[in-house]
Every structure is written in structure tokens, then in C-alpha cells.
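Geometric and topological summary
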Amino acid sequence: MLPAMSHRTTAVDPGLLAYLAVRTAQEDRVLVELRAAAVAAGLPEIWIAPEQASLLAILVRAAGARTVVEVGTLAGYSAIWLARALPAGGRLHTIELEPKCARFARTWLQRAGVADRVEVHEGDARAVLPRFAAASVDVVFVDADKEGYPVYLEQGLRILRPGGLFLADNAFAFGEVLAPGSADAGVAVLRRFNDLVAARADLQAVIVPLGDGCWVGVKTEDSGARAR
Ligand SMILES: C[S@@+](CC[C@H](N)C(=O)[O-])C[C@H]1O[C@@H](n2cnc3c(N)ncnc32)[C@H](O)[C@@H]1O
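All of the points below concern the structure found in this document. (Residues numbered from 1 in each chain as written. Predicted model: local features only at pLDDT ≥ 70, side-chain atom pairs only at ≥ 80, totals over all residues. Heavy atoms only, no water.)

1. Quick word on a nonpolar patch on the surface
A cluster of nonpolar residues, V12, L16 and Y19, forms a patch on the protein surface that exposes about 270 Å² of accessible area. Along the polypeptide, L16 turns up in helix α1 (residues 14–21). (Patch = residues over 30% accessible without salt bridge, like charges linked within 9 Å, V, L, I, M, F, W, Y side chains within 5 Å. Areas by Shrake-Rupley, 256 points an atom, 1.4 Å probe, with all protein chains shown as cover. Salt bridge = Lys/Arg side-chain N within 4 Å of Asp/Glu carboxyl O. Helix = DSSP H or I, 4+ residues; strand = E, 2+ residues; numbered from the N terminus.)

Next up, the structure:
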């Protein structure tokens, strides 16, 4: 008889995080320079971590994604990682509300040599996402204003093809998701968003503990097919 298997989980502490971070794809010179230039330009330092960017790039490659939509461009940091993971002829649509960020990102997408495959949509994602046709996109990555997350979930699943990937940053709500009594409106909406994602019958998803917690989900063919 087989021995009873016990479930074992290793908590990711800073030491393990540093261990895994040096064992995945590293930033190149353009990305390092982009970060310095973004700080000098007064942009907030809220781009994703390199190991999380590496995870997104791996998923885009593994999915063979040809059309990717990103909500929240900022300086173009994650956009460059995503664009580099696309096959020839692939396209990244990245949506940014702030004209200053969109301008900055366009410059650096050019410097990174991926401007030919990236379109920066300047505007509110609530207005831009409805312009994409239903089931027309392979991967959606959400990383913008937290108040918009429930809308981006609805719109993201509408535009994703069955089998497409839904990715979203900040599942840990800046580390506050479990903080008792946090009055922050962004934390509250992220908690609600996490519950909405977990309850979707048309999405099988898990939070990967990289960065601020990264939702990785696949849109299921059959809304009744989800196994938990
Ligand atoms: C966390 S940053 C994105 C970081 C980027 N994904 C990266 O890792 O390099 C969020 C961005 O979303 C933008 N944003 C906020 N509200 C938005 C909206 N309603 N529509 C589109 N973009 C929005 C902000 O201006 C900001 O640049």
C-alpha cells in the first residue's frame, strides 16, 4: 500500500525569491536604462518585477499567442517583455490613460526595437476594450487602476478566445489582501476582484506568488468544465 501523501507547500520568503529571481531571464541594457529614464522623468516605479515579467513572457510563448492586450502601459516595461515573446507577425495592444506615459512608452518601445509590433492605445481602458471583437485575443494582461479591475475582468473574458490566458497583477493588493481592517479602497476592490475571478465558471485560474501576486487563468471552452 502506498503511504499517505501529505500536502506540502514552501512559503516563498525573500531568500527564495532572490534565488529564483537570478535563475530566470534577466533584464537587458534597454530595460535597465528604461527604468532609470522613467525615474528621471518622474514616472512612478510601479512596473512589474523581472521574474514576473519573465513568467508573462514564458506564458505568451507557450500559448503561441499572436494577439496580446495589456491594460496599463506606464513606461512600456512589461510591454517590451510581452512584445519580445511574440512570434513574427504577432501584435501587442497596450492601453494607457496618461498621455505622458504613452509618449514615454512609445519612445522606449522604439529603442527596444519592438515598435513595429506594438500599438499604444491612448485612453481609458473602459472605452478602449469594448473596441476589440469578442473571442479575438490570445492573452490579456491587466495592470492598471484597481477600481477598473472588475470591468477589465468582464471585458477581458469577452475578448479572449476559449483557451486564451487571463493574467492580472496585484492579487495580493500591495501585500494588504489579508490585512485586517485595511480601509484602502484599492485593497477592497482587489479583494472583490479576487473573489470574482475565483468564482468564474468560465475561467480556471490560480494566483502565482510572484511580484504582488499574479493571476494566471485560462478561459475554458465550456463554462461548466471548471475543476477546482
Ligand atoms: C502599474 S502601472 C502599469 C505598469 C506596467 N504594466 C509595467 O509593469 O511596466 C498602471 C498604469 O495604468 C494606467 N492607467 C490607470 N488607469 C487607467 C485606465 N483607466 N485606462 C488605462 N490605463 C490606466 C496608469 O496611468 C499607469 O501607467
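That was the structure; now back to the text.
2. Details of helix α5 (residues 99–111)
Here α5 is 13 residues long and its end C-alpha atoms lie 19 Å apart, about the 18 Å a rise of 1.5 Å per residue gives. Among the residues of α5, those classed as buried are C101, A102, F104, A105, W108 and L109. The arc enclosing the buried residues of α5, seen along the axis, measures out at 165°, which places them on a common side. Among the exposed residues of α5, those pointing more than 90 degrees away from its buried face are R103, Q110 and R111. Contacts from the buried residues of α5 go to α2 (29–40), α4 (77–84), β2 (91–96) and β3 (118–122). In the segment just after α5, G113 is the residue with positive phi, at about 80°. (Expected span 1.5 Å × (residues − 1). Buried < 20%, exposed > 50% of the residue type's maximum accessible area, 1.4 Å probe, protein only. Arc of directions from axis to C-beta. Contact = heavy atoms within 4.5 Å.)

3. Considerations on the nonpolar core
Ranked by internal contacts, the top residues of the largest apolar core, which has 43 residues, are V60, Y77, L92, L109 and L167. Not counting the four nearest positions on each side in its chain, L109 is found in contact with A79, I80, V114, A115, V118 and V120. Residues V128, V137, I159 and F193 belong to the second largest nonpolar core, which totals 27 residues. (Core = buried A, V, L, I, M, F, W, Y, C linked by side-chain atoms within 4.5 Å.)

4. Remarks on the pattern of salt bridges
Overall, the coordinates contain 12 salt bridges when judged by the stated rule. For E33, the salt bridge goes to R29, with nearest N and O atoms at 2.9 Å. Within this pair, E33 and its partner R29 are both found in helix α2, separated by 4 residues, close to a single helical turn. Of the residues examined, E33 reaches a relative accessible area of 34% and is grouped as partly exposed. Between D143 and K146 there is a salt bridge whose closest N-O contact spans 3.7 Å.

5. A few points about the sheet that holds β2
One open sheet accounts for 7 strands, arranged β3-β2-β1-β4-β5-β7-β6; its pairing is mixed. Each edge of the open sheet carries a strand with a single partner, namely β3 and β6 (203–208). Taking the axes of each pair of neighbouring strands and ignoring which way they run, one obtains an average angle of 15° across the sheet. Strands β1 (67–71), β2, β3 and β4 (137–142) of the sheet are contacted by α4, whose axis makes an angle of about 165° with β2. Across the sheet, α5 is in contact with β2 and β3; its angle to β3 comes to roughly 170°. (Pairing = 2+ DSSP bridges. Axes fitted to C-alpha atoms, helices over the stretch in contact; angles between N-to-C directions.)

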